[in-house]
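Residues per chain, in single letters:
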Amino acid sequence: MPSTATSSDAATMSSTPKLPFDHAFERGMRNRRAALGDAWVDKSVAKANTFNAEFQHFITDYAWHGVWGRPGLDWKTRRVLVLAVTSALGRWDEFEIHLRGALTPGNAHTLSPDEVREALIQIAIYAGVPAANTGFAKALGILRELGLEPPAHPADNAWHSGEGRPAFTTTRPKLFATIREPRHADTGADEGRQTIVLSHALGQDHSMWDAVANQLARYHRVITPDTRGHGRSEIPQGPLTLAELAADAARVIDELAEGGPVIWVGLSMGGMIGQELALQHPDKIKALVLANTTSAYPEAGRQAVTERIATVQSQGLGAIATATMNRFFSDSFREQQPAAVARHQRLFEATDPEGYTACSAAIREIDLTARLGEIGVPTLVIAGSEDQGTPTPMLDTIAQGIPGAHLVTLQGAAHLSAAEQPEAFSEAVAEFIAGL
């Protein structure tokens, strides 16, 4: 359509000076709108007048561009920092502005209600409970305003998300486990969410898995049982068999995982239980991760286990604790992380000696290599390049024996690879689960 502007109009427009493009202001306004939302920013700048316009320009330029425009911190971190500082100083008007911006869908890099809750719990420690209490009240008001009000939940049915809800089997022998529900249950498709059982090594307990469990529980339900004779599970009277431990595992799945099938992640003894479980109770298993384990010990290995049983029976677990840590962890880890090694040694020495020897008797007799071909579920095998207890050839035998199994080696890790390299271990398991 032809232009209808007259020559005098054109002359007027050409004589009107154009303002230069103020890059700092424009970048600041872009960030301000991304953080707080167009509606809030439009409402704020509409109030500009000859008295406060320079202040509006100042905060847009120096705060929203000068600080928020810096790439050194991600925006979620900046949001949490603002919430922490404003609540600690009692700057509740500013707190509400930023919290509303952080929770409003459609704004950039928003925080989930779960993330806001964790920030407020952290604030309670360093800024005081009264500040956090006010912050929770204001956050609930904003969530209601945004239509995001959380459902009711009894205070006596809450637990530490870094440990999980405690649970016992109702059948005997009693078995203890912790259950971590997915922290981000509202994100992702339900069909991508799995129930994962993490089974620990001999002489450890469910806490061995803390770092890995917390990683996997971002999107999955994670159950960490104590094997019989360990942790808070019942102590056996006399030697156990691998079949009995697999039956225990099946009970855990029946009672605490709704019957399964589950993804069983077992390290060392836990991996031996996983193999027996997949053979004796295949309906309970959807997939397997077998780490730092074996399908059979050579005669020398069986003899070494027998000698350890005898030593523990006569002298206690302290007599073999240092040698066990030398097998559990690589030289470099023991040198660089002595406090972590000492913690695992204390856990080892706190294990009931009867529980240790009973389970040692069970795993000593493992002889499943010839039956690996009967395992019909997707399987990931994880080895540690520095593992002297179950060296890579043992894991390679498992990977070759189970149809379609895949072997991953964690470089530099020894026997307790999930404790020594939890990030790498978690990444390998998460990638495997994503491909199921």
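Residues numbered from 1 in each chain as written. Predicted model: local features only at pLDDT ≥ 70, side-chain atom pairs only at ≥ 80, totals over all residues. Heavy atoms only, no water.

K.L.:
Break down the packing of aromatic side chains for me, citing the residues and quoting the values.
P.N.:
Tallied over the full model, the rule gives 11 aromatic pairs. Geometrically, the ring pair formed by W92 and F95 is edge-to-face, given 5.1 Å between the ring centres and 75° between the ring planes. Placement of both W92 and F95 in helix α6 (residues 92-103) is noted, with a separation of three residues, approximately one turn of the helix. Within the aromatic cluster, the residues linked to one another by ring pairs are F328, F329, F333, F348 and Y356. For R165, the ring lying beneath its charged end belongs to W159, and the centroid distance is 5.6 Å. (Phe/Tyr/Trp six-rings, centres within 6.5 Å; stacked < 30°, edge-to-face > 60°. Helix = DSSP H or I, 4+ residues; strand = E, 2+ residues; numbered from the N terminus. Lys NZ or Arg CZ within 6 Å of the ring centre and 35° of its normal.)

K.L.:
Pulling in residues and values, what's your account of the layout of surface pockets?
P.N.:
Taken as a whole, the largest pocket encloses approximately 1,700 Å³ of empty space. Residue lining of the largest pocket: 39 residues in total, with P113, D114, R117, E118 and R183 positioned closest to the centre. Every element with two or more residues in the lining of the largest pocket is listed here: α7 (113-126) and α8 (129-145). The element best represented in the lining of the largest pocket is α7, accounting for eight residues. Here the lining of the largest pocket is composed, by residue class, of 21 nonpolar, seven polar and 11 charged. Of the pockets and cavities examined, the second largest pocket occupies roughly 480 Å³. Along the wall of the second largest pocket there are 20 residues; nearest its centre are L36, I59, W64, E94 and H98. (1 Å grid on protein atoms, 1.4 Å probe; cavity = no way out; pocket = protein on both sides within 12 Å on 5 of 7 lines; lining within 4 Å. Points joined across faces, edges and corners; volume = space filled by probe spheres on them. Nonpolar A, V, L, I, M, F, W, Y, C, P; charged D, E, K, R; others polar.)

K.L.:
Which residues make up the nonpolar core, and what values go with them?
P.N.:
Residues L198, W209, W264, V265, L267, I382 and F425 are the most contacted members of the largest nonpolar core, which totals 86 residues. Take this core: its biggest share by element is eight residues, from helix α10 (residues 242-256). Not counting residues within four places of it along the chain, the set of residues in contact with F425 comprises W209, V212, V265, L267, A291, I382, L410, S417 and A418. Core analysis: the second largest hydrophobic core is formed by 14 residues, L83, F95, A102 and L103 among them. (Core = buried A, V, L, I, M, F, W, Y, C linked by side-chain atoms within 4.5 Å. Buried < 20%, exposed > 50% of the residue type's maximum accessible area, 1.4 Å probe, protein only. Contact = heavy atoms within 4.5 Å.)

K.L.:
Run through empty space enclosed by the protein, naming residues and quoting values.
P.N.:
The tally for this structure, following the rule as stated, stands at two cavities of 30 Å³ or more. If you add up the space inside the largest cavity, you get close to 100 Å³. Along the walls of the largest cavity sit L175, S199, P225, D226, T227, R228, L245, D248, A249, V252, W264 and I273, which together make up its complete lining. With four residues, α10 is the single largest residue contributor to the lining of the largest cavity. Tallied by class, residues from the lining of the largest cavity come to seven nonpolar, two polar and three charged. Contributing to the lining of the second largest cavity are W68, R79, V82, L83, H98, L99 and A102. Elements supplying a minimum of two residues to the lining of the second largest cavity: α5 (75-88) and α6.

K.L.:
Tell me about helix α4 (residues 53-65), residues and numbers included.
P.N.:
The first and last C-alpha atoms of α4 sit 17 Å apart over 13 residues, in line with the 18 Å expected at 1.5 Å per residue. Regarding α4, the residues found buried are Q56, I59, T60, D61 and W64. Contacts made by the buried residues of α4 are with α2 (23-36), α3 (38-45) and α6. (Expected span 1.5 Å × (residues − 1).)

K.L.:
How would you explain the environment of N133 if you had to name every residue and give the values?
P.N.:
Assignment of secondary structure puts N133 in helix α8. A residue is classified by how much of its surface remains accessible, and N133, at 55% relative accessible area, is exposed. Taking C-alpha positions, N133 is 34 Å from A48, a pair spaced 85 residues apart along the chain.

K.L.:
So what's going on with the packing of α2 against α3? Residues and values would help.
P.N.:
Contact geometry of α2 with α3 gives a least axis separation of 7 Å together with a crossing angle of 125°. Here α3 runs oblique to α2, going by the angle between their axes. Along the contact surface, α2 presents M29, R32, R33 and L36, while α3 presents D38, W40, V41, D42, S44 and V45. Residue classes in the contact of α2 with α3 are distributed as five nonpolar, one polar and four charged. (Axes fitted to C-alpha atoms, helices over the stretch in contact; angles between N-to-C directions. Parallel < 35°, antiparallel > 145°, perpendicular 65-115°, else oblique.)

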